[in-house]
Amino acid sequence: MKEYNHLRIEPKWRKIWEKKGINKTLDKTNKPKFYILDMFPYPSGQGLHVGHPRGFVATDIYSRFKKMNGFNVLHPMGWDAFGLPAENYAIKMKVNPMLMDKLNVKRYKEQISILGLNYDWTREINTTDPNYYKWTQWAFLQMYKKGLVVESDEPINWCPSCKTGLANEDLEDGKCERCGTTIEKKPLRQWVIKITDYADRLLADLDELKDWPENIKESQRNWIGRSEGSELWFNIVHSEEKIRVFTTRPDTLFGVTYIVLAPENKLVDELKPFIKNWPEVEKYRDEVKKKTEIERTTVDKNKTGLLLEGVEAKHPITKEKIPVFIADYVLNNYGTGAVMAVPAHDERDFAFAKKYNLAIKEVISGGNIEKEAYTRSGILINSGEFDDLDNEEAKTKITDAADGEKKVTYKLKDWVFSRQRYWGEPIPLIHCENCGVVPVPEKDLPVKLPKVKFYEPTGTGESPLAAITKWVNTKCPVCKGKAKRETNTMPQWAGSSWYYLRYIDPKNKKALVDKKKEKYWSPIDLYVGGGEHNTRHLIYARFWHKFLFDIGIVNYKEPFMKLMNLGMILGSDGRKMSKRWGNVVNPDDVVKNVGADTLRVYESFMGPFDQEIAWSTDNMVGSRRFLDKVWKLQDKVIKKKKVENKSAKLSETETSTGKEFEILLHKTIKKVTDDILNFSFNTAISAFMILVNFAETRPNGCSSGRETEITKSDYEIILKLLAPFTPHMAEEIWANLGHKKSIHLEKWPKYDEEKLVLEKIIISVQINGKPRATFEMPIKSTQGEVEKIAFSKEEVSKWLVGKKILKKMFIKEKILAIITN
RNA sequence: GCUCGGGUGGCGGAAUUGGUAUACGCGCAACACUUAAAAUGUUGUCUGCGAAAGCGGAUGCGGGUUCGACUCCCGCCCCGAGCACCA
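Residues numbered from 1 in each chain as written. Chains lettered and ligands numbered in written order. Predicted model: local features only at pLDDT ≥ 70, side-chain atom pairs only at ≥ 80, totals over all residues. Heavy atoms only, no water.

S.K.: Would you mind showing me how to read the overall build of chain A here?
M.R.: The helix and strand tally for chain A stands at 28 helices and 31 strands. Counting only C-alpha atoms, chain A reaches 110 × 85 × 50 Å along its principal axes. The buried share of chain A, taken over its 821 residues, is 52%. Per element, the accessible surface of chain A, about 38,600 Å² overall, is 50% carbon and sulfur. Here chain A contributes 134 positively and 114 negatively charged side chains, and the mean placements of these two sets differ by 6 Å. (Helix = DSSP H or I, 4+ residues; strand = E, 2+ residues; numbered from the N terminus. Buried < 20%, exposed > 50% of the residue type's maximum accessible area, 1.4 Å probe, protein only. Areas by Shrake-Rupley, 256 points an atom, 1.4 Å probe, with all protein chains shown as cover. Lys, Arg positive; Asp, Glu negative; His and termini not counted. Charge placed at Lys NZ, Arg CZ, Asp CG, Glu CD.)

S.K.: Quick question: what am I supposed to make of the packing of aromatic side chains here?
M.R.: Two aromatic rings are characterised by how far apart their centres lie and by the angle between their planes. The final tally for this structure, using the stated rule, is 47 aromatic pairs. An angle of 75° between the planes, with centres 5.0 Å apart, marks the rings of phenylalanine 609 and phenylalanine 679 as edge-to-face. A residue pair is termed long-range when its members are at least 10 positions apart, and phenylalanine 609 in the loop between α19 (596-605) and β27 (613-614) and phenylalanine 679 in the loop between α22 (659-677) and α23 (681-697) qualify at 70 residues. A residue is classified by how much of its surface remains accessible, and phenylalanine 679, at 3% relative accessible area, is buried. Centroid distance phenylalanine 609 to phenylalanine 681: 6.2 Å. Interplanar angle 85°. Geometry classified as edge-to-face. In this pair, phenylalanine 609 sits in the loop between α19 and β27 while phenylalanine 681 sits in helix α23, placing the two residues 72 residues apart along the sequence. In terms of burial, phenylalanine 609 and phenylalanine 681 fall into one category: buried. Site record: aromatic cluster; members linked through ring pairs are Phe34, Tyr62, Phe65, Phe71, Phe609, Phe626, Phe679, Phe681, Phe688, Phe725 and Trp748. Between the NZ or CZ atom of lysine 66 and the centre of the ring of phenylalanine 71, over which it lies, the distance is 4.1 Å. A cation over a ring is seen here: arginine 485 above tryptophan 471, with NZ or CZ 5.6 Å from the ring centre. (Phe/Tyr/Trp six-rings, centres within 6.5 Å; stacked < 30°, edge-to-face > 60°. Lys NZ or Arg CZ within 6 Å of the ring centre and 35° of its normal.)

S.K.: Explain the sheet that holds strand β20 (residues 429-432) to me, please; I cannot follow it from the model alone.
M.R.: Backbone-to-backbone hydrogen bonds pair the strands of a sheet. The strands run either parallel or antiparallel. Spatial ordering of the open sheet is given by β21-β20-β23-β22, a layout of four strands whose pairing is antiparallel. For this open sheet the edge positions go to β21 (436-439) and β22 (473-475), each flanked by a neighbour on one side alone. Averaged over neighbouring strand pairs, the angle between their axes works out to 40° when direction is ignored. Two strands pair when backbone bridges link them, and β22 and strand β23 (residues 482-485) are joined in this way by three bridges, in the antiparallel orientation. Residue pairing for β23: threonine 474 is matched across the bridge by alanine 483. (Pairing = 2+ DSSP bridges. Axes fitted to C-alpha atoms, helices over the stretch in contact; angles between N-to-C directions.)

S.K.: I would appreciate a short explanation of the environment of proline 85 in the present structure.
M.R.: The topology assignment puts proline 85 in helix α3 (residues 84-93). Since its relative accessible area comes to 14%, proline 85 is described here as buried. Taking the C-alpha atoms as reference points, proline 85 and isoleucine 61, separated by 24 residues in sequence, lie 30 Å from one another. Not counting residues up to four positions away in its chain, the partners in contact with proline 85 are Tyr42, Arg178 and Gln492. (Contact = heavy atoms within 4.5 Å.)

S.K.: Help me understand the sheet that holds strand β19 (residues 415-416) in this model?
M.R.: Taken in spatial order, the three strands of this open sheet run β5-β11-β19, and their pairing is antiparallel. Only two strands of the sheet have a single partner each, and these edge strands are β5 (149-152) and β19. Pairing of β5 with strand β11 (residues 190-193) involves four bridges; the strand directions are antiparallel. Bridge pairing in β11 places valine 150 opposite valine 192.

S.K.: Which parts of the structure should I look at to understand empty space enclosed by the protein?
M.R.: To locate leftover empty space, one rolls a probe as large as a water molecule over the atoms. In the structure shown here, the tally under the stated rule is two cavities of 30 Å³ or more. Approximately 170 Å³ is the volume attributed to the largest cavity. Contributing to the lining of the largest cavity are 16 residues, with Leu84, Leu166, Asp170, Arg419 and Gln492 lying nearest its centre. Among the elements of the structure, α3 and α14 (492-496) are those that each provide at least two residues to the lining of the largest cavity. Taken together, the residues of the lining of the largest cavity break down into seven nonpolar, three polar and six charged. Of the volumes computed, that of the second largest cavity is approximately 60 Å³. Together, Arg54, Val57, Ala58, Glu603, Ser604, Gly607, Phe609, Phe679, Ser680, Phe681 and Asn682 line the second largest cavity. (1 Å grid on protein atoms, 1.4 Å probe; cavity = no way out; pocket = protein on both sides within 12 Å on 5 of 7 lines; lining within 4 Å. Points joined across faces, edges and corners; volume = space filled by probe spheres on them. Nonpolar A, V, L, I, M, F, W, Y, C, P; charged D, E, K, R; others polar.)

Here it is as structure tokens:
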């Protein structure tokens, strides 16, 4: 037997597999389909570290397993190459993003390829390929035509470092998710997609995603942030103006003692003629503007505000006059940008009322409003005809009485879709001097991103594309008059919102995806990726998919049936792998030193798949040792010759590795099968180790003196089970055993239920709850038989001396429990 | 503050419907092989008392249910994630 040399074996087999095309997926087979997908990476130029392959390895194991179980598996890979990370890296390296993209993809692909992953590279996609983004632009145009795309001048999140506007989803704690710079508010002309039109469906359909982890669904529910309430109107005394408020507690309407407007609320400007302290109002608004989003939204007991002198609102039912404030604890972009303040029953209003010495009127009984706001439910008081009502009941009645309207609001914001950056899909709209905004005709798609010399962001609020006059100036498709192209580009999330559909039909020139093919492959059976996408990509993609469903492009209303989050692999110091900490481990080095198969086994074995875990090169030796053991078993395979010597007619099946081994083998088949299905790769590896340790040390049951042996067929079962985990080594040994066809085309081993039934079982005797003895019994032993043995045991009888047995309990094949006085 | 996870040896982590807690791996120790080391193999390795046999204790803390609890229930503490002056 040759030494296990991964450097010789691994590249050899990868070449052969590629030549034979064993990873190619066919669209038409008589097999059931299985579509398994990794979140595709954005090639940033740093290259992969050992954390990235964790998910790729998992989907690879799973897809190989599915293939061996007779499924037609689609397992593709591609590149999410537009967007800020790639562009910022290109700028830093002073290389044009178009060129950088090619270099990065090449590097990523090399790194991924050496892991022995079974991707069908004939379906590779890249979001920056004009043949791809043609369809991103096409889908955008369909949204435009359906009125889902609107132009807006509202202040948006602006990253002063990336010099672009960002969507709410691109923020993390008020900072740019990409570069960590604090976000400013900046009014900017921009295109916005009305994703909020889909908020209710995005929320409701989560309930149908039975195979999504609860935490992801919960994150999305939080993000969408649905809240039910009422919209109420407060007339302003001596004015035509009305204040519109949103409240979840219309039942507390009688407790309103003041109204608060967000300082930015346009209504404040409308009320200028009535406001006597206007200079102060302007001053306050300036102060608020200076505050960052973080300062503004940090929970802060020290609330500030300003009374609008001269303005009074009228209570919709009692017609009492109510003072009106502006205060920055009210946000302009949620609800109506105005609240009715009920200090007795809202903590923020309570704090504000205390500070400015405003009236606190109790209308729900049950609390102590001298001390704190009472925010729970109760019976109405001080509410006129509504007294004694239950507050839930009062919600509807008071809303009706006040001429209000039941309403639902969401925290989810519309999707800011413009980026003032070069490296993205051009937005396919044209601004015509006569016709206004005109969509690019579909036949003219794609609107190609021009090659440019200067691609740095301008910071002026214009994309670098605005300077390419040759590209910008165009003819209006309607009136043929002078027109200019839209120069903003799409966000990175655009291309990734539907890429999974393109793998189904990557070369289609006539449609986003062929309908028949889509029907066959959709939906995605299993989607694997990092938790950082839970409220970003996964919301956008679900939205985009629902839109495509509405216009009849796809057949299912949800794209991803089952979802798995993978836990990040941290550096050995427990910190995120980063150049900054010097804790990055490169997969190329690991593959070189111990082999891709060892890396795959180690990443499977290190811990539960969805859990964050620190890398340990030291621990990895255990995985390599395991592979060495499997390899060495080759020497212990019972030679055919030996069998034939005994009798020419003896078939191989008549020799066996041993009864005990056989039971363990079948247990292992079951365990590994179940564990792969559950993504419990760590316990699957553990089961392999137990089996291989046993095969190596205790063959032939417990007989001693005989040489360690394993039958060829038993060894082959182990190899087939192992093939998804260690594709190269399994293939090499398989070939060594004389097979000409690839092991990856073999069928997955089946376990025999009967073999799992043990002949003997271990019984534990517990006396007063403490385990005192264990012994083997034949399976199906009766209580009487077990007791007979138990009472004959010294470990048992010594506890019963001088005691009375009060109770006996027998759980068959497990426990005999005895209770004494 | 609300919501969702989680807390088990020196370390990563196992444990089916409640039924022998600590599988598997790392590390460590001793032994074998070796001139030696590495590699490999064997044995041991939760903890207290004890020479040993053995006896007791332990799954974040405190209670409860049960013959029996890592597992179920109640109340806390801590860690991670999502949301958050959201009206």
